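# Fold and contact review
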Amino acid sequence: MAESEHHDHDHHHEELGFWRKYVFSTDHKVIGIQYAVTGMLFLFFGFCLMMLMRWQLAFPGEPVPLLGKLFPRGLPGGVMLPEFYNELGAMHGTIMVFMGIVPLAVGGFGNFVLPLQIGAPDMAFPRLNMMSYQSFLIGGLIMFGSFFLPEGAAQSGWTSYPPLADIAPSGQTAWLIGMVFLITSSLLGAINFLVTTIQLRADGLSFFRLPFFCWAQFVTSFLLLLAFPPLEAAAFMQLMDRVAGTSFFLPSGLVVSGQALEVSGGGSPILWQHLFWFLAHPEVYVLILPAFGIVAEIIANNTRKPLWGYKSMVYSLIVLGFLSFVVWAHHMFLTGMGTTMSAFFQTTTMMISIPSVIILTALILSLWGGSIRFTTPMLFALGFLPMFGIGGLTGLPLGLTAPDIHLHDTYYVIGHFHYVVAPGTIFALFAGIYYWYPKVTGRHMSEFWGKVHFWPSFVLMNLIFFPMLIQGMAGMSRRMYDGGATYAHNEGVLYLNKVISFAAWGLALAQIPFILNLFLSLRKPKTASANPWRATTIEWAAPSPPGHGNFTRPVAAYRGPYEYSVPGESEDFTPQFEPAKAPVAAH
C-alpha cells in the first residue's frame, strides 16, 4: 500500500462518529474495553452488596449506619430484613460470577488481547462481537434493575434452586430473563473466539506456537459453548414454571404456608440441579483458565525464561476442559444419588485435580533459576499461586462423600470457593490489568501505588476467607442472616464474623489506590513504547495503543512464544515476530 493510500485509509476510519466508535463499535479493542469497564463496575457493585451483608453478620439486628435510610424496603429503621439479606446473597453471587469475573476475564482480556496475540486485525465476526457485549449489558441491567421491583431482587441464591425459586417473588423472573441474555452473550463470544483462533492466526503461528493465554481462552470458549446451553434451556423451563403454569421443576403435593400449592406437579427439583451444575462446574474453570493464561504470560516475562513444561501445561488445559464436564454431581452428594454414582463423581473429582496441579507446579517451577523482576503484575501473579493452591486443596474434602456430609452448605464451601476466585482469579485479573495497561492506553500505571494496592489486599483476603474455613469445620451453615447465632454449636466461632467483616471493609479501602491509579494514569502523557516489558509475544509488535487494524506492518511468527534468555543472543528476549538474524560470515 502506498504511503498516501495508507493515510487515506486511516483518515477514513477517523470519520466514525462517537456512537459508532464507542457505543456501537465493531472494533475488538473497544469492545474489550467496554467489557472490562462494565465488568469492573459490576464487580464493585457486587462487592458493595457483600459489605452490607457483612454488617448484618457481624452485628445482627443492629441498624446499618449511613446506608440504612437508602433502602427503606429492605432496611426498615436501618435494620436488615431476612428477605433483603437473601436478596443481597443471591445477587452478590450472580453479579460477581456472571457479570463481573467472566466478562472481565473472557470478554475484556480475551477480546482485547487474543486477536493481538495471534496477529489478527480483528475478531472473525465483528458484529457478532458487538452483539455479544450488548446482550451482556442488557442482561446486567435487567439484573441490576430487579432491585427496584416492588418485591425486590431474586432471593433464592445464585443457584436459583426450585421449588423455592419457582414460587419466589417477581425478582426471580427478572433473574431468569437476565440470565438468558447473559448466557446468549457468552455463547456468541465463545463462537467468535473459537473461529478467530482457528482461522485468523498469523503466518507461522502453529497451535504449539500459541501463547499459553490463547490456549486458555480457546479451551474456555469450548467450555462456554458446550456448558451454557443446558442452563439456558433450564432457565426457559423455570421461567415457564413461573409465568406459564408448567411444572418442569415443581413436584406434586407441595404445601406452602399450610396451603396445598395448585400446580399440575410431576416435576423434579433435582433436574434443575443437574442442569445448573452441568454448567456451573465448567463455569469454575471458565473463571480460572483465563487466570492461568494471564499468570503464565506474566511469569514468563518477569522471570526472563521460558515457561517450564509448556506442552504439558497445554495438554493439562485440554484434559481439564474435558474432565470439567464429568464432575458436576459432586455438588449433589446429599441428594441421595446412590453409592455407585457418588463413587463415579468422587473419582472424576480426584482426577481433575491432577491437571490443575500440573499447571500450578509448572508455573512454580518456571520461577526456579529465573532473574525475577518484582513488578506490580508479577506480585499479583505470585500472589495467585499459593492462593489458588489453598483453594484447590480445600476443595478435595468436598469432592469426597464422607467429609462432604459434614461440610456441605457450611462456610467451609464459601471459604474454598472464594480462595479460588477472589485471591485466586481476581488477583490474576489485577495482574493482567497492570501488565496490559500500557498496551491498551499507551501509559504506565504507577508501580508504587500498585504495590500499595497489592500488600494490604493480599493480607486482608486471607483474613476474610481463612476464618470461614474454621467456621465451616465447626459446622456453621451458610446463608444464615443472623450470622449463625441461632445455633448453640456456633458459639465458639461467632467472634470470627467480626474479624471477617472488618477485614472485608479494610479490603474495600485497599482498592482505593487501584481505582485512583487506574484513572489518574490516563491523564499522564503517552510514554509507553510498543514493547515496554521487553516481551516476546506478537501483541507487543503493535503500537501502544494499537490503531485500526492493529499492526502497522504484516506480522508472522518465526519461533515459539517464550524465547527468553536464548544462549548466544545479544538481548535476553527474542520476539516471535522478528525474523531470525542471518549469521555473520567469518572473515
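Thresholds applied
Residues numbered from 1 in each chain as written. Predicted model: local features only at pLDDT ≥ 70, side-chain atom pairs only at ≥ 80, totals over all residues. Heavy atoms only, no water. Patch = residues over 30% accessible without salt bridge, like charges linked within 9 Å, V, L, I, M, F, W, Y side chains within 5 Å. Areas by Shrake-Rupley, 256 points an atom, 1.4 Å probe, with all protein chains shown as cover. Salt bridge = Lys/Arg side-chain N within 4 Å of Asp/Glu carboxyl O. Helix = DSSP H or I, 4+ residues; strand = E, 2+ residues; numbered from the N terminus. Core = buried A, V, L, I, M, F, W, Y, C linked by side-chain atoms within 4.5 Å. Buried < 20%, exposed > 50% of the residue type's maximum accessible area, 1.4 Å probe, protein only. Contact = heavy atoms within 4.5 Å. Polar contact = N/O pair within 3.5 Å; in protein donor to acceptor, adjacent residues only side chain to side chain. Phe/Tyr/Trp six-rings, centres within 6.5 Å; stacked < 30°, edge-to-face > 60°. Lys NZ or Arg CZ within 6 Å of the ring centre and 35° of its normal. Arc of directions from axis to C-beta.

### Points about a nonpolar patch on the surface
Side chains of Phe18, Trp19, Tyr22 and Phe24 sit close together on the surface and give an oily, nonpolar patch of about 500 Å² of accessible area. Topologically, tyrosine 22 is positioned in helix 2 (residues 18-23).

### A short note on the nonpolar core
With 181 residues, the main nonpolar core has Met91, Phe212, Leu231, Leu289, Phe292, Leu363 and Phe384 as its most contacted residues. At 20 residues, the largest contribution of residues to this core is made by helix 9 (residues 269-303). Residues contacting leucine 231, with those up to four places away along its chain left out, are Met179, Ile183, Trp272, Leu275, Phe276 and Leu279.

### Quick look at the side chain of asparagine 462
Its place among the elements puts asparagine 462 in helix 15 (residues 447-473). Among the polar contacts made by the side chain of asparagine 462, one reaches the side chain of tyrosine 419 at a distance of 2.8 Å. Looking at asparagine 462, its side chain comes within polar contact range of the main-chain oxygen of phenylalanine 458, at 2.9 Å. Excluding residues that lie within four positions of it along the chain, asparagine 462 makes contacts with Met387, Tyr419 and Pro467.

### Details of the pattern of salt bridges
This model, assessed by the stated rule, comprises eight salt bridges. Among the salt bridges present, the one from aspartate 572 reaches arginine 304, with a minimum N-O distance of 3.0 Å. Taken as a pair, aspartate 572 in the segment after helix 17 (512-520) and arginine 304 in the loop between helix 9 and helix 10 (310-323) lie far apart in primary sequence, 268 residues in all.

### Focus: the packing of aromatic side chains
Following the criterion strictly, the structure yields 54 aromatic pairs and no others. Ring plane angle 70° and centroid distance 4.9 Å describe the contact between phenylalanine 45 and phenylalanine 144, whose orientation is recorded as edge-to-face. Remark: phenylalanine 144 occurs in helix 5 (residues 126-145) and phenylalanine 45 occurs in helix 3 (residues 28-58); sequence separation between them is 99 residues. Between phenylalanine 292 and phenylalanine 384, the aromatic rings sit 5.9 Å apart at their centres with planes inclined by 85°, giving edge-to-face as the arrangement. Residue phenylalanine 292 is found in helix 9, and its partner phenylalanine 384 is found in helix 12 (residues 376-395); the two are separated by 92 residues along the sequence. For phenylalanine 292, a relative accessible area of 0% corresponds to the buried category. Among the aromatic residues, those joined into a ring-pair cluster are Phe98, Trp158, Phe228, Phe249, Trp272, Phe276, Trp277 and Phe417. For the cation-ring pair, arginine 201 lies above phenylalanine 207, with the distance from its terminal atom to the ring centre recorded as 4.1 Å. A cation over an aromatic ring shows up here: lysine 311 above the ring of phenylalanine 208, its NZ or CZ 4.9 Å from the ring centre.

### Concerning the environment of tryptophan 505
Counting through the fold element by element, tryptophan 505 comes out in helix 16 (residues 495-510). Separated by 60 residues in the primary sequence, tryptophan 505 and serine 565 have C-alpha atoms spaced 44 Å apart. With sequence-adjacent residues up to four places away left out, tryptophan 505 is seen in contact with Met51, Arg54, Trp55 and Phe59.

### Points about unusual backbone geometry
A cis geometry characterises the amide bond from proline 162 onward to proline 163, with omega recorded as 5°. Mapped onto the elements, proline 163 comes out in the loop between helix 5 and helix 6 (164-167). In this structure, arginine 534 takes a positive phi of about 55° despite not being glycine. Mapped onto the elements, arginine 534 comes out in the segment after helix 17.

### A short note on helix 17
For helix 17, the set of buried residues is Pro513, Phe514, Asn517 and Leu518. All buried residues of helix 17 lie within an arc of 130° about the axis, which places them on one face of the element. Buried residues in helix 17 make contact with helix 3, helix 14 (411-441), helix 15 and helix 16.

Nothing here speaks to function; it is all geometry.
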